[in-house]
Amino acid sequence: MKPEPFRIKVVEEIDLPNKAERERLIKKAGYNVFQLKIDEIYIDLLTDSGTSAMSDRQWAAMITTKQAYAGSNSYYQLEKAVKDLFGFKYFVLVHQGRAGEHLLFSSLVKPGEIVPNNSHFDTTQANVRLVGGLPKDFAAKDAYNPSKTAPFKGNMDLEKLEEFVGKNRDKIALIMTTITNNAVGGQPVAMENIRQTSQIARKYKRLFFIDACRVAENAYFIKTREKGYKNKNIKAIIREIFSYADGCTFSGKKDALTNIGGLVGMNSKRVFEKIRSMQVITEGFPTYGGMACRDLASMARGLQESTRESYLEYRHEQINYLWEKLSKAGVPIVNPVGGHAVFIDGKKFFSHLPQEQYPSQTLAVELYIESGVRGVELGTSCFGEIDEKTGKLILPKLDLLRLAIPRRTYTANHLAYVAESVIKVYKRRRKVRGLKRVYAPLLLGHFLARFELEN
Ligand SMILES: *Cc1c(COP(=O)(O)O)cnc(C)c1O
């Protein structure tokens, strides 16, 4: 593995609370790692969202930009970076991805209308529902088989999509595809799959939007795994991806290497004007869109850095390093390695626990107690819905623990410690008890849920 393509100029100290302390803290948090405080955590793999380390040039840009309600210079820097990379005719800034989702769906989705997607992310699903729409997933079959290796497991199931769209055309508000496909393990989507999804949307005259949070990482997979792209540069691949779409939602907190921010891109003037008028009411004036101008400056620079090939290669190798260590130790993980995280199959890890006892949530708790490392459950607590008629929990197909790797933040040594800690829990897995959920709000319940130990 090549060493990190950067030197460290500023450091942040971290402390590991002792084991008795960790046991006390996680109990107090209702066995929900979202309720832990950052100073109670040694290595934080909760998310790769908004946790990137920024470069000296990003910080410099943040200091030198002028703060202005209207017409900030950082807006024009960002406009240039966005036009250069995304290629859509219009864009609207928002404070983070989900605000963009909300503006998009309130403009395009009427109550009862359907949004097909390869897999909705949790905030996307919640935002479709919030305006009365119905999110529907069409992930390729392989996506639900964690151990199977295939190069583009994030793909849309094109046959099912076309059949569904053909039958329900008038009820479909827009079609989306999420790259990389976060909900099924950060797996990439092939260019060919994006192109064909776009063709289906055009055939049935529906708009096609890309949830592009990790477009640079997805582009790197296209370059390294899809035929015909080896000699194309990342920017050209990204532009090709967007050329098939009518627009996108984008969270600056992921691939743009910044701590906050987002945008909605689109080609339709009508959609643009609708969204922009709402933006002014809920996010702010168009040249700052819910952000401080310094955030726009860091995003403008971050967008450029995120497409550097040496950076993307390092990023991929780092995640692969953790994935390989766990894979070699026989820990059940999602194959092959994905974009921004390593995902552990909680159901297989704790094969003695029924899914109703939240195996991946249990693993998040055990890993914290073992090592002070925080991962996050993407499974029964996050995606399980309550049946309105019976009040029973509908179990999602996958129950995963995600170890998301913040960009440029941790070294290989940190990740070696993470791997060792997971392996220690794996060795004592049969002695571990599951959890029962004692509280959860209706939408995005996993953030605030509370659990108790099963007897
Ligand atoms: C993070 C994320 C979002 C939402 O973005 P925020 O900036 O967190 O609001 C939407 N879709 C996907 C796939 C994401 O990973």
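Residues numbered from 1 in each chain as written. Predicted model: local features only at pLDDT ≥ 70, side-chain atom pairs only at ≥ 80, totals over all residues. Heavy atoms only, no water.

### What to know about helix 7 (residues 191-203)
The periodicity of an α-helix, 3.6 residues per turn, causes residues three or four positions apart to be oriented the same way.
Here is step 1: The end-to-end C-alpha distance of helix 7 is 18 Å, a good match for the 18 Å that 13 residues give at a rise of 1.5 Å each.
Here is step 2: Within the sequence span of helix 7, burial applies to Met-191, Asn-193, Ile-194, Thr-197, Ser-198, Ile-200 and Ala-201.
Here is step 3: Lining the buried residues of helix 7 we find helix 6 (158-168), strand 5 (174-178), strand 6 (207-211), helix 8 (215-225) and helix 9 (234-243).
Here is step 4: Just past helix 7, the residue Lys-205 takes up positive phi, approximately 55 degrees. (Helix = DSSP H or I, 4+ residues; strand = E, 2+ residues; numbered from the N terminus. Expected span 1.5 Å × (residues − 1). Buried < 20%, exposed > 50% of the residue type's maximum accessible area, 1.4 Å probe, protein only. Contact = heavy atoms within 4.5 Å.)

### What to know about the domain arrangement of the protein
Where interface size is quoted, it is often the accessible area lost as the parts come together.
Here is step 1: As assigned here, the protein comprises domain 1 (19-48 + 308-453) and domain 2 (56-306).
Here is step 2: Facing the 32 residues of domain 1 at the interface are 38 residues of domain 2.
Here is step 3: In total, domain 1 and domain 2 occlude about 3000 Å² of area from one another, counting both sides; carbon and sulfur atoms represent 58% of this.
Here is step 4: The largest contributions to the domain 1 side of the interface with domain 2 come from Leu-312, Pro-336 and Leu-398, which together make up 17% of the buried area.
Here is step 5: Taken together, the connections running from domain 1 to domain 2 amount to seven salt bridges.
Here is step 6: Ionic pairing is found between Arg-407 and Glu-217, a salt bridge with its closest N-O pair at 3.0 Å.
Here is step 7: Where domain 1 meets domain 2, there are 21 residue pairs in polar contact (both at pLDDT 80 or more).
Here is step 8: Among the elements of the structure, helix 12 (309-328), strand 9 (341-345) and helix 15 (380-383) are those that each provide at least two residues to the side of domain 1 that touches domain 2.
Here is step 9: Considering each element in turn, the side of domain 1 that touches domain 2 owes the most residues, six residues, to helix 12.
Here is step 10: Looking at the side of domain 1 that touches domain 2 residue by residue, the classes come out as 14 nonpolar, six polar and twelve charged. (Domains from an automatic or database assignment. Buried area = accessible area lost by both parts, 1.4 Å probe. Salt bridge = Lys/Arg side-chain N within 4 Å of Asp/Glu carboxyl O. Polar contact = N/O pair within 3.5 Å; in protein donor to acceptor, adjacent residues only side chain to side chain. Nonpolar A, V, L, I, M, F, W, Y, C, P; charged D, E, K, R; others polar.)

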